[in-house]
Amino acid sequence: MATKRLSRNDWINAATKVLATSGIDMVRVDNLAKKLKITRGSFYYHFDSRKELLQAILDTWRLKATEAVIDSLKQKSQDSKEQLMELMSLPLKGDKAQEAASIEISLRAWGRRDEIARAAVNEVDSYRIGFIEGLFIDLGHTSSQANDLAHLVYSFLIATSLVDPFSSEEVRKERTQRIAHFLADNCPLSDCKFRNL
């Protein structure tokens with residue numbers, strides 16, 4: 001085995017890749033050490049236990065796939081509609097989007113049978129939906145409408161990686177833009193009949 005020095009992030013990234021391709025049961029210290037061609041000692045230099053590694057996977061996912069994404073959207077534009085359009089196009093952005101979708105699906109499967117993972121997924125869902133809801137409130141919708149639309153957009157984002165993933169990028173992009181425009185422009189303030197419900 002090699003004696004190269006790996007960082008804590010190297011272990012987290014390797015574990016996340018194994019999670020995405022093989023599921024949580026394969027995220028084991030021995031398995032990771034083999035894949036990284038290094039001894040288990042390197043792992044224990046950075047982590048006290050597998051449980052600590054699993055928590056680090058969840059924490060890193062939350063930071064990279066939620067907080068960093070939202071910060072990036074806000075930096076690109078202050079306009080709520082533009083942020084919504086950009087957000088809805090993220091699942092179509094090539095290999096990185098496919099990798100992110102694989103991680104997301106695996107984390108959700110893990111969360112169905114593990115309390116800690118489920119709590120992390122629920123926290124991320126709540127944070128993301130809250131952000132999207134804020135965009136719709138900025139666009140003039142009531143809180144209840146904004147919440148419904150946020151859930152609709154979020155469901156679309158999650159499903160996009162599962163439904164019709166082999167259509168051409170152009171077809172998927174055009175569909176996403178039509179849906180995003182429809183939702184962003186739906187019920188404008190001036191004539192929304194549902195506004196006072």
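Remember, predicted model here, so these are calculated numbers, not experimental data.

What counts, and at which threshold
Residues numbered from 1 in each chain as written. Predicted model: local features only at pLDDT ≥ 70, side-chain atom pairs only at ≥ 80, totals over all residues. Heavy atoms only, no water. Helix = DSSP H or I, 4+ residues; strand = E, 2+ residues; numbered from the N terminus. Buried < 20%, exposed > 50% of the residue type's maximum accessible area, 1.4 Å probe, protein only. Areas by Shrake-Rupley, 256 points an atom, 1.4 Å probe, with all protein chains shown as cover. Lys, Arg positive; Asp, Glu negative; His and termini not counted. Charge placed at Lys NZ, Arg CZ, Asp CG, Glu CD. Core = buried A, V, L, I, M, F, W, Y, C linked by side-chain atoms within 4.5 Å. Contact = heavy atoms within 4.5 Å. Phe/Tyr/Trp six-rings, centres within 6.5 Å; stacked < 30°, edge-to-face > 60°. Axes fitted to C-alpha atoms, helices over the stretch in contact; angles between N-to-C directions. Parallel < 35°, antiparallel > 145°, perpendicular 65-115°, else oblique. Nonpolar A, V, L, I, M, F, W, Y, C, P; charged D, E, K, R; others polar. Salt bridge = Lys/Arg side-chain N within 4 Å of Asp/Glu carboxyl O. Polar contact = N/O pair within 3.5 Å; in protein donor to acceptor, adjacent residues only side chain to side chain.

(A) Broad picture of the overall build of the protein chain. What the protein chain contains, in helices and strands, is 9 helices and 0 strands. Shown N-terminal to C-terminal, the secondary structure of the protein chain runs as helices and strands in the order α-α-α-α-α-α-α-α-α. Overall, the C-alpha framework of the protein chain stretches about 70 × 35 × 30 Å when taken along its three principal axes. Buried positions account for 41% of the 197 residues belonging to the protein chain. Of the roughly 11,600 Å² that the protein chain leaves accessible, carbon and sulfur atoms contribute 53%. Taking the 29 positively charged and 27 negatively charged side chains of the protein chain as two groups, their mean positions are separated by 7 Å.

(B) Representation of the nonpolar core in the model. By size, the foremost hydrophobic cluster in this structure holds 30 residues, and its most contacted members are Trp11, Val27, Leu32, Leu53, Ile57 and Trp110. Put simply, the parts of the chain that give this core at least two residues each are α1 (8-22), α2 (29-36), α4 (50-76), α6 (94-111) and α7 (115-138). Here this core takes 7 residues from α1, the largest share from any one element. Setting aside chain neighbours within four positions, we find Ile57 in contact with Ile12, Ala15, Thr16, Leu19, Val27 and Trp110. Counting 21 residues, the second largest nonpolar core, distinct from the first, contains Leu84, Phe131, Leu157 and Ala184.

(C) Broad picture of the packing of aromatic side chains. Applying the stated criterion across every chain, the model contains 3 aromatic pairs. Seen in terms of ring centroids, Trp11 and Phe43 are 5.4 Å apart; in terms of plane orientation they differ by 75°. Their pairing is edge-to-face. With Trp11 in helix α1 and Phe43 in helix α3 (residues 40-46), this residue pair connects regions lying 32 residues apart in the sequence. In this structure, Trp11 and Phe43 share a single accessibility class: buried. Between Phe43 and Phe47, the ring centres sit 5.1 Å apart and the planes meet at 20°, which makes this aromatic pair stacked. When its relative accessible area of 0% is taken as the criterion, Phe43 is described as buried. The class of Phe47 is buried, set by a relative accessible area of 1%. Members of the aromatic cluster, connected to one another through ring pairs, are Trp11, Phe43, Tyr44 and Phe47.

(D) Here's a closer look at the packing of α1 against α4. Put simply, α1 and α4 touch, their axes get as near as 9 Å, and they point 85° apart. Taken as axis vectors, α1 and α4 run roughly perpendicular relative to one another. Packed against α1, whose contacting residues are Arg8, Trp11, Ile12, Asn13, Ala15, Thr16 and Leu19, the element α4 presents Glu52, Leu53, Ala56, Ile57, Thr60 and Lys64 at the interface. Each residue belonging to the contact of α1 with α4 can be placed in one class, and the counts come to 7 nonpolar, 3 polar and 3 charged.

(E) Broad picture of the pattern of salt bridges. Applying the stated criterion across every chain, the model contains 10 salt bridges. Where Arg62 meets Asp59, a salt bridge forms, and the shortest distance between an N and an O atom there is 3.5 Å. Taken together, the residues span about one helical turn, with Arg62 and Asp59 both in helix α4 at a distance of 3 residues. The network of salt bridges with common partners includes Asp59, Arg62, Glu67 and Glu123.

(F) Focus on the side chain of His46. Position of His46 among the secondary structure elements: in helix α3. In this structure the side chain of His46 is engaged in a polar contact, spanning 2.5 Å, whose partner is the backbone oxygen of Leu6. Here His46 is in contact with Leu6, Ser7, Arg8, Trp11 and Glu52, once residues within four sequence places are set aside.

(G) Focus on the environment of Ile24. Structurally, Ile24 can be placed in the loop between α1 and α2. Contact partners of Ile24, with chain neighbours within four places excluded, come to Leu19, Arg50, Leu54, Trp110 and Arg113.

(H) Spatial organisation of the packing of α1 against α2. Remark: α1 packs on α2, axes separated minimally by 10 Å, with the N-to-C direction vectors making an angle of 105°. It follows from the interaxial angle that α1 and α2 lie roughly perpendicular. For the pair α1 and α2, the contacting residues are Trp11, Ala14, Ala15 and Val18 in the first and Asn31, Leu32, Ala33, Lys35 and Leu36 in the second. Looking at the contact of α1 with α2, its residues break down into 7 nonpolar, 1 polar and 1 charged.

Purely spatial values, then, with no claim about function.
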